[in-house]
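Understanding the architecture of this molecule
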Amino acid sequence: MAEQPLSTAKIKNTGRVRFLVLGLVFINIIINYMDRTNLSVAATQMAGDLQFTPLQMGLIFSAFGWIYAALQIPGGFVIDRFGSRIVYGVGLFVWSLITALHAVANSFGSLVGLRLGVGAFEAPVMPSNNRVISSWFPENERASAIGIYSSAQFVGLACMTPLLFHVQDLYGWRGLFLITGIVGMAWAVVWYCLYREPLEHKGVSPAELDHIRQGGAILESRQEAAKRKFAWSDLALMFSSRKLIGIYFGQFTISATFWFFLTWFPTYLVQYRHMDFIKSGYIASVPYLAAFFGVLLAGFVSDRLIKRGVSASFARKAPVILGMSLTLFILGANYTDNPALIILFMSIAFFGNGLATITWVFVTALAPRHLIGLAGGVFNFTGALSSIVVPIAIGALIDGHNFAPALAFIAILAGLGICSYLFVVGRIDLDSPPEVKPQGSRVAR
């Protein structure tokens, strides 16, 4: 059984290096999603300059996801093998360099190629985040930590979207890509210089190290990880239980809503709801802020419920199911032309998506400890498939000036996600850490 939560006074005396590490991850995510959303900001102007059709823009949006999804599982193994410091640092620098190169793109083919490059080097991001949190935070603080770093994607979008619209207004869409790329390359150097694993960090105190170790954190030296070899039996283990498969499918449906907001949402406001270009940047930030509060609320409430003795399965799953239920409000935008109501329905839907975003906590709960990176890769692979399917599906579903079928598509996927967590995943025993099984063995769940 997991150790009982420590008193507040004792936790305060353990040190706070882990929270500084969380701050680094938070900024990483802001940079990461700035380099994902810059395309959605540039889309309208870019499509006009280069004469792209909606289907072509859908393909450009989704190109990122093709290789991003394909490299999730290899990326997860690479993280387990080489660690987050190197993998994250190199990936961040290279994808930012490729982002800057968007400034010289002149054709559909070149943009597809560049998006493939960004997707390839962003592939280890989410498994790296999960690995960092699993290494630095005890179980009873983990949902809050996941909520905080996950909120960065929403607060980053909320704050960055208006800023990126202004940057584009001043320097054009080419200048937008150049500036965001340079910012990312600079931050990659900062990350590499500052981040270390818990056992290698000179600033972490013995008390803090003991606190995170007793709470179930994964402490491993680089020498131990370097001995790890890939085994197909490890990959098979990732598909060995119905519960794992259930959370994989659930992640696909949750990510579908996110990718609508990350790709087509600004275009929806400007072209299909005829909102002013600059004004739409500020309006688009409202749902992102709603999602930011949603993911923070889910993480802190979930951890608080566990500390009060509520079933861990209920405390972790309730925000996810409630969140996906609120996502269904996206359909309301199909039945009004009032801009305020449109934004209200979108904000409720994205708030719900934020609530549901703590699902990474299930990866740690259900996967063997020595395969956290690989499990995160498989989990994020299924979620990343939505980055391929959703942009193309929306581009195909748009009929003239009718965006309604696309929103209905998002709502249907959310409904299927609810069913997956209720009937496929079912009850999850999160009260004790998963066992480490030998390679080639199966895990009974």
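Residues numbered from 1 in each chain as written. Predicted model: local features only at pLDDT ≥ 70, side-chain atom pairs only at ≥ 80, totals over all residues. Heavy atoms only, no water.

**Let's talk about the overall build of the chain**
- Scanning the chain for helices and strands turns up 19 helices and zero strands.
- Every one of the 445 residues in the chain was classed for burial, and the buried ones make up 60%.
- A total accessible area of about 16,600 Å² is found for the chain, and carbon and sulfur atoms account for 68% of it. (Helix = DSSP H or I, 4+ residues; strand = E, 2+ residues; numbered from the N terminus. Buried < 20%, exposed > 50% of the residue type's maximum accessible area, 1.4 Å probe, protein only. Areas by Shrake-Rupley, 256 points an atom, 1.4 Å probe, with all protein chains shown as cover.)

**Here's the deal with unusual backbone geometry**
- Phi is positive for Gln-51, close to 60 degrees, though the residue is something other than glycine.
- Structurally, the position occupied by Gln-51 is in the loop between helix H2 (17-50) and helix H3 (54-70).

**Some thoughts on the packing of H2 against helix H12 (residues 242-263)**
- At a closest axis distance of 7 Å, the pairing of H2 and H12 adopts a crossing angle of 60 degrees. Of the possible angle classes, the one that applies to H2 and H12 is oblique. Packed against H2, whose contacting residues are Tyr-33, Arg-36, Thr-37 and Ser-40, the element H12 presents Phe-258, Trp-259, Leu-262 and Thr-263 at the interface.
- Broken down by class, the residue content of the contact of H2 with H12 amounts to four nonpolar, three polar and one charged. (Axes fitted to C-alpha atoms, helices over the stretch in contact; angles between N-to-C directions. Parallel < 35°, antiparallel > 145°, perpendicular 65-115°, else oblique. Contact = heavy atoms within 4.5 Å. Nonpolar A, V, L, I, M, F, W, Y, C, P; charged D, E, K, R; others polar.)

**A closer look at helix H16 (residues 339-355)**
- Helix length check: H16, at 17 residues, gives a terminal C-alpha distance of 24 Å against a target of 24 Å (1.5 Å per residue), a fit within 8%.
- Within the span of H16, buried status applies to Ile-342, Ile-343, Met-346, Ser-347, Ala-349, Phe-350, Gly-352, Asn-353, Gly-354 and Leu-355.
- N-capping of H16 is provided by Asn-338, with a side-chain oxygen placed 2.8 Å from the backbone N of Ala-340. (Expected span 1.5 Å × (residues − 1). Polar contact = N/O pair within 3.5 Å; in protein donor to acceptor, adjacent residues only side chain to side chain.)

**Quick notes on empty space enclosed by the protein**
- This model, assessed by the stated rule, comprises four cavities of 30 Å³ or more.
- Tyr-33, Gln-251, Ser-255, Phe-258 and Asn-380 are, among the 18 residues lining the largest cavity, the residues nearest its centre.
- Every element with two or more residues in the lining of the largest cavity is listed here: H2, H12 and helix H18 (372-397).
- By residue number, the principal contributor to the lining of the largest cavity is H12, which donates five residues.
- Its residues placed into classes, the lining of the largest cavity shows nine nonpolar, eight polar and one charged. (1 Å grid on protein atoms, 1.4 Å probe; cavity = no way out; pocket = protein on both sides within 12 Å on 5 of 7 lines; lining within 4 Å. Points joined across faces, edges and corners; volume = space filled by probe spheres on them.)

**A short note on the side chain of Ser-386**
- Within the secondary structure layout, Ser-386 lies in helix H18.
- What makes Ser-386 buried here is its relative accessible area of 0%.

**Some remarks on the nonpolar core**
- Core analysis: the largest hydrophobic core is formed by 130 residues, its most contacted members being Phe-260, Phe-265, Tyr-268, Met-346 and Phe-403.
- Two domains share this core, each providing at least three of its residues, namely domain 1 (15-218) and domain 2 (232-429).
- Once residues within four sequence positions are removed from consideration, Phe-260 is found in contact with Phe-265, Ile-330, Met-346, Val-390, Ile-394, Phe-403, Leu-407 and Ile-410. (Core = buried A, V, L, I, M, F, W, Y, C linked by side-chain atoms within 4.5 Å. Domains from an automatic or database assignment.)

**Quick word on the confidence of the model for the chain**
- Chain-level statistics for the chain give a pLDDT mean of 82 and a share of 87% at 70 or above.
- When pLDDT is averaged over each helix and strand of the chain, the minimum, 47, is found for helix H1 (residues 8-12) and the maximum, 94, for helix H19 (residues 404-425).
- In this model residues 1-11 is a low-confidence stretch, pLDDT under 50, and it forms twelve contacts with partners more than four residues away in sequence or in other chains.
- Long-range and interchain partners of residues 431-445, a stretch whose pLDDT sits below 50, account for 33 contacts in this model, where long-range means more than four residues apart. (pLDDT = per-residue confidence, 0-100.)

**Remarks on the packing of aromatic side chains**
- Scanning the entire structure with this criterion turns up 25 aromatic pairs.
- Taken together, a centroid distance of 6.1 Å and an interplanar angle of 85 degrees make the contact between Phe-258 and Trp-259 edge-to-face. The pair formed by Phe-258 and Trp-259 is uniform in burial state, with each residue classed as buried.
- Taken together, a centroid distance of 6.3 Å and an interplanar angle of 35 degrees make the contact between Phe-258 and Phe-350 tilted. Taken together, the positions of Phe-258 in helix H12 and Phe-350 in helix H16 put the pair 92 residues apart, joining distant regions of the chain. Of the two residues examined, Phe-258 and Phe-350, each falls in the buried class.
- In this structure, Arg-85 is placed above the aromatic ring of Tyr-192, and the distance from its NZ or CZ to the ring centre is 3.9 Å. (Phe/Tyr/Trp six-rings, centres within 6.5 Å; stacked < 30°, edge-to-face > 60°. Lys NZ or Arg CZ within 6 Å of the ring centre and 35° of its normal.)

**A few points about helix H9 (residues 206-214)**
- Listing the buried residues of H9 in full gives Glu-208, Leu-209, His-211 and Ile-212. Down the axis of H9, the sector holding all buried residues measures 160 degrees, keeping them to one side.
- Note on H9: the residue one or two positions beyond its end, Gly-216, has a positive phi of about 100 degrees. (Arc of directions from axis to C-beta.)

**With respect to the packing of H12 against H19**
- Where H12 meets H19, the closest approach of the two axes is 9 Å, and the angle between their N-to-C directions is 160 degrees. Taken together, the axes of H12 and H19 are roughly antiparallel relative to one another. With respect to the hand of their crossing, H12 and H19 are arranged in left-handed fashion. For the pair H12 and H19, contact is made by Arg-242, Lys-243, Gly-246, Ile-247, Phe-249, Gly-250, Phe-252, Thr-253, Ala-256, Thr-257 and Phe-260 and by Leu-407, Ile-410, Leu-413, Leu-416, Gly-417, Ser-420, Tyr-421, Phe-423, Val-424 and Val-425, respectively.
- Per-class residue counts for the contact of H12 with H19 are 13 nonpolar, six polar and two charged. (Left-handed = near helix turned anticlockwise from the far one by under 90°.)

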